[in-house]
Each structure stands twice: as C-alpha cells, then as structure tokens.
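Descriptive structure summary
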Amino acid sequence: MRSLNERTITDEVLGRFSGAPDARLRQVMESLIRHLHEFAREVGLTPREWAKAIEFLTELGHITDDKRQEFILLSDTLGLSALVDLIANRDKVKGATESSLLGPFYREGAPEIPTGANVARDVEGEPLDIEGRVVSTAGEPIAGVLIDVWQAAPSGLYDVQFEDSTMNLRARFRSDSEGRFAFKSVKPASYPVPYDGPVGRMLNALGRHPYRPAHIHFKLSADGYRPLTTALYIEGDKYLDSDAVFGSRASLVVGYRKATNGGRAKPDSIWFEFALEPEKSKAAKGQKPIPRSSSVRGK
Ligand code: BEZ
Ligand code: FE
C-alpha cells in the first residue's frame with residue numbers, strides 16, 4: 001500500500017477523477033482540487049481553522065431560504081460573481097456596453113410602462129429623468145429592445161425589502177424606432193448588502209464595509225443581439241471605488257445633468273447610450289478544447 005504525504009495526496013485525489021465520464025466536470029474538479037490543496041499548504045491551514053470554516057459554511061446554509069441566498073452573497077463579496085461575469089464576457093467586442101451583476105433583487109414580470117412614465121409609486125425622493133438610446137456596436141439605433149429596469153428606493157431598500165408587492169421601482173418598456181427610451185424615477189442611494197448574517201460578520205472581520213454605490217439596474221434584450229445585464233452608477237458616489245460586490249465599472253458611471261424650462265428648474269436627468277453586440281453564430285462561438293491536467297506539478 002502507498003503511503004501519502006502532504007504533497008503526494010494531491011495526485012492521489014486527482015487520480016480518483018480519471019474515470020469521470022464528463023470531461024468538463026473532470027477539468028473543473030481537477031483544477032479546484034489542485035488550487036484548494038495548494039491553498040491549504042501555502043497558509044498551513046490548521047484543523048481548528050478548517051473547523052471554523054466548516055462552521056461558517058454551515059451557517060450560510062442555515063440562513064439561506066427562498067428569500068435570502070447567503071451563498072450568492074458570499075460569492076459576490078469575494079468578487080467571484082464579478083469574475084465569472086468578466087470571464088463570460090471576455091470575448092465581447094470593443095465598444096459593447098460592459099455588463100454588471102444581476103444581483104438578488106431582480107424580479108421577472110415587472111409592469112410594462114409607456115415612454116416617459118414614472119416607475120416610483122409613493123416613494124419619497126428627489127425626482128430623476130432617465131433617458132438614453134440603444135445602438136448596435138456599429139452605431140445603428142436598435143428599435144424594440146426590451147428594457148427591464150429596477151432600483152432601490154432612496155432609503156436603500158428594494159420593494160421586496162420594504163414589503164411592497166406591487167413591483168415598485170421596476171418596469172419594462174421598449175426602445176422606440178430610433179432606439180430611444182425615457183422614464184422617470186427617484187434618485188437612487190448607496191445601500192448595504194445584507195450584513196446581519198455570516199457574510200456580514202466576515203466583512204466586519206476583514207475590516208470591509210457592506211455598501212454598494214448608488215445604481216440603477218438594466219437588462220436589455222433584442223433579437224439578434226447578445227443580451228446585456230448591466231447597471232448605471234452615479235458619479236460622485238463615495239463607494240464607486242469600493243463596491244462591496246465589485247460590480248461598478250468606470251464606463252457605467254453617469255453624472256446628474258441639470259436643466260431648466262423657461263427659467264424653472266426641471267428634475268435632474270441622466271442620459272446613457274447602451275451598445276449591444278450582434279449575437280455570434282453558434283459556429284463562430286466555438287468550444288475551447290479541454291486540457292487534460294493530471295498533476296499538480298504540471299501547472
Ligand atoms: C444589487 O445590486 O442589487 C446587489 C448585488 C449583489 C449583492 C447584493 C445586492
Ligand atoms: Fe442593486
């Protein structure tokens with residue numbers, strides 16, 4: 001019988017995956033094990049620390065239900081959700097609008113509204129006009145794009161959090177024949193991600209704050225174009241460079257524009273042009289070959 005030591009155990013574990021019929025699963029698990037084992041060796045992980053980590057993961061499970069997903073929050077606050085999104089968009093053409101996290105507060109079936117309607121009902125806050133255009137990466141306007149928007153109230157809470165079941169601060173509408181859209185709302189505010197659970201304790205232990213910069217979420221889809229999930233972030237927000245979930249991007253920052261009408265102040269506005277990338281054909285997308293790595297030394 002072979003005996004195992006701190007280094008040979010990794011190859012022994014990897015060897016047990018060699019018969020996995022699903023090549024992608026084998027690739028993912030092999031890499032995960034190589035990195036996990038290397039991490040444990042690098043930090044000299046102690047049994048007490050590992051027991052603490054398992055306790056933490058168990059708590060994530062206990063607090064997670066159909067309304068709260070602490071595992072996603074962990075992935076978000078560790079930057080893994082943002083990284084997976086960046087990888088999924090690594091082949092995007094230049095000029096296409098950057099994506100940003102969907103987040104946990106998106107809801108299907110927001111009410112359809114006509115151009116210029118207000119998405120905020122009985123919400124106190126400073127009025128805001130949101131306008132823009134949807135174009136292709138070649139600069140051509142795209143008509144009929146389905147645009148889904150959702151945002152938190154100035155209190156920093158989404159409708160589901162202030163127990164409003166009427167789909168407040170959410171809407172769906174389509175771009176017009178020139179790709180334009182317009183709606184009214186209230187100015188969003190920065191808000192903390194839920195921090196009263198294990199992830200909040202982790203942030204605190206790491207000396208991190210739980211805030212996201214003020215933003216409005218957008219989801220755009222149109223036939224023949226790659227769907228886009230993104231958000232617009234408000235210029236000057238103090239959390240732009242330290243977003244707790246690593247979602248903010250410089251290219252998605254918009255400033256409030258002031259306007260007057262016959263000498264009277266109009267609500268501030270923001271304007272943004274979204275550029276969608278034409279959908280690649282299935283053949284053009286291709287599939288990368290899966291490299292076969294069997295040894296931690298083969299890195
Ligand atoms: C959000 O922007 O709604 C969000 C994203 C990730 C975690 C929590 C909230
Ligand atoms: Fe959000």
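Residues numbered from 1 in each chain as written. Chains lettered and ligands numbered in written order. Predicted model: local features only at pLDDT ≥ 70, side-chain atom pairs only at ≥ 80, totals over all residues. Heavy atoms only, no water.

Some words on the site of ligand 1
Definition in use: Here a residue counts as near a molecule or strand whenever at least one of its heavy atoms sits within 4 Å of it. Polar contacts, as used here, are pairs of N or O atoms within 3.5 Å; protein pairs need one atom able to donate a hydrogen and one able to accept it. Residues neighboring in sequence count only if both atoms are side-chain atoms. Values of accessible area rely on a 1.4 Å probe in the Shrake-Rupley scheme; residue burial ignores everything except the protein chains shown.
Near ligand 1, the surroundings consist of Asp-76, Gly-103, Pro-104, Phe-105, Tyr-158, Tyr-191, Val-193, Arg-212, His-215, His-217 and Val-245. Within the side chain of Tyr-158, one N or O atom sits 3.3 Å away from an oxygen atom of ligand 1. The contact in question runs from an oxygen atom of ligand 1 to an N or O atom on the side chain of His-215, over 3.1 Å. Protein chains bury 100% of the 270 Å² of accessible surface belonging to ligand 1 in isolation.

Structural notes on the coordination of the iron ion (ligand 2)
Spelled out, the test is: Each metal site is built from N, O and S donor atoms within 2.8 Å (3.2 Å for Na, K and Ca), and since water is not included, such sites may look incomplete. Geometry is assigned from the angles between donors: four donors with all angles from 85 to 135 degrees make a tetrahedral site, four or six donors whose opposite pairs exceed 155 degrees while the rest stay between 65 and 115 make square planar or octahedral sites respectively, and everything else is labelled irregular. Secondary structure follows DSSP: runs of H or I at least 4 residues long count as helices, runs of E at least 2 residues long count as strands, and numbering of each begins at the N terminus. For each residue, the accessible area found with a 1.4 Å probe, counting protein chains only, is set against the maximum for its type, and the residue is called buried under 20%, exposed over 50%, and partly exposed in between.
Coordination sphere of the iron ion (ligand 2), protein contribution only: Tyr-158 (OH), Tyr-191 (OH), His-215 (NE2) and His-217 (NE2), at 1.9 to 2.1 Å. The site at the iron ion (ligand 2) holds six donor atoms, and with the angles between them running 54 to 170°, its shape is irregular. Between the donor residues of the iron ion (ligand 2), the gaps in sequence give the motif Y-x32-Y-x23-H-x1-H. Of this pair, Tyr-158 sits in the loop between β2 (146-151) and β3 (170-174) while Tyr-191 sits in strand β5 (residues 191-192), placing them 33 residues apart in sequence. Grouping residues by exposure puts Tyr-158 and Tyr-191 together as buried.

Digging into the pattern of salt bridges
To be explicit about the condition: Whenever Lys or Arg places a side-chain nitrogen within 4 Å of a carboxyl oxygen from Asp or Glu, that contact is recorded as a salt bridge.
Tallying each qualifying case throughout the model produces 22 salt bridges. In this structure, the salt-bridge partner of Glu-126 is Lys-187, at a minimum N-O distance of 3.1 Å. Of this pair, Glu-126 sits in the loop between α5 (80-88) and β1 (127-136) while Lys-187 sits in the loop between β4 (180-186) and β5, and the two are 61 residues apart along the sequence. On the accessibility criterion, Lys-187 (12% relative accessible area) is buried. Put simply, Asp-91, Arg-226, Glu-277 and Lys-280 are held in one network by salt bridges that share partners.

Observations regarding the nonpolar core
The condition is simple: Only buried residues count toward a nonpolar core. Its members are Ala, Val, Leu, Ile, Met, Phe, Trp, Tyr and Cys residues joined through side-chain atoms within 4.5 Å. Here, residues are in contact when the closest pair of their heavy atoms is within 4.5 Å.
Val-134, Ile-147, Phe-181, Phe-183, Phe-218, Leu-220 and Phe-274 are the most contacted members of the largest nonpolar core, which totals 31 residues. Listing elements by their share of this core, those giving two or more residues are β1, β2, β3, β4, β7 (215-221), β8 (228-234) and β11 (264-276). Considering each element in turn, this core owes the most residues, five residues, to β8. Apart from the residues within four sequence positions on either side, Phe-183 is in contact with Ile-113, Gly-116, Ala-117, Val-119, Leu-128, Asp-129, Ile-130, Val-149, Phe-173 and Phe-218. Residues Leu-74, Leu-101, Val-199 and Leu-203 belong to the second largest nonpolar core, which totals ten residues.

A few points about the sheet that holds β8
Which entries qualify depends on this criterion: Following DSSP output, two strands are said to pair if at least two bridges run between them.
Taken in spatial order, the five strands of this open sheet run β3-β2-β7-β8-β9, and their pairing is mixed. The sheet is open, and its two borders are formed by β3 and β9 (253-254), each paired with just one other strand. Relative to β7, β2 runs antiparallel, the two being bridged by six bridges. From the neighbouring strand, Gln-151 faces β7, where its bridge partner is Ile-216.

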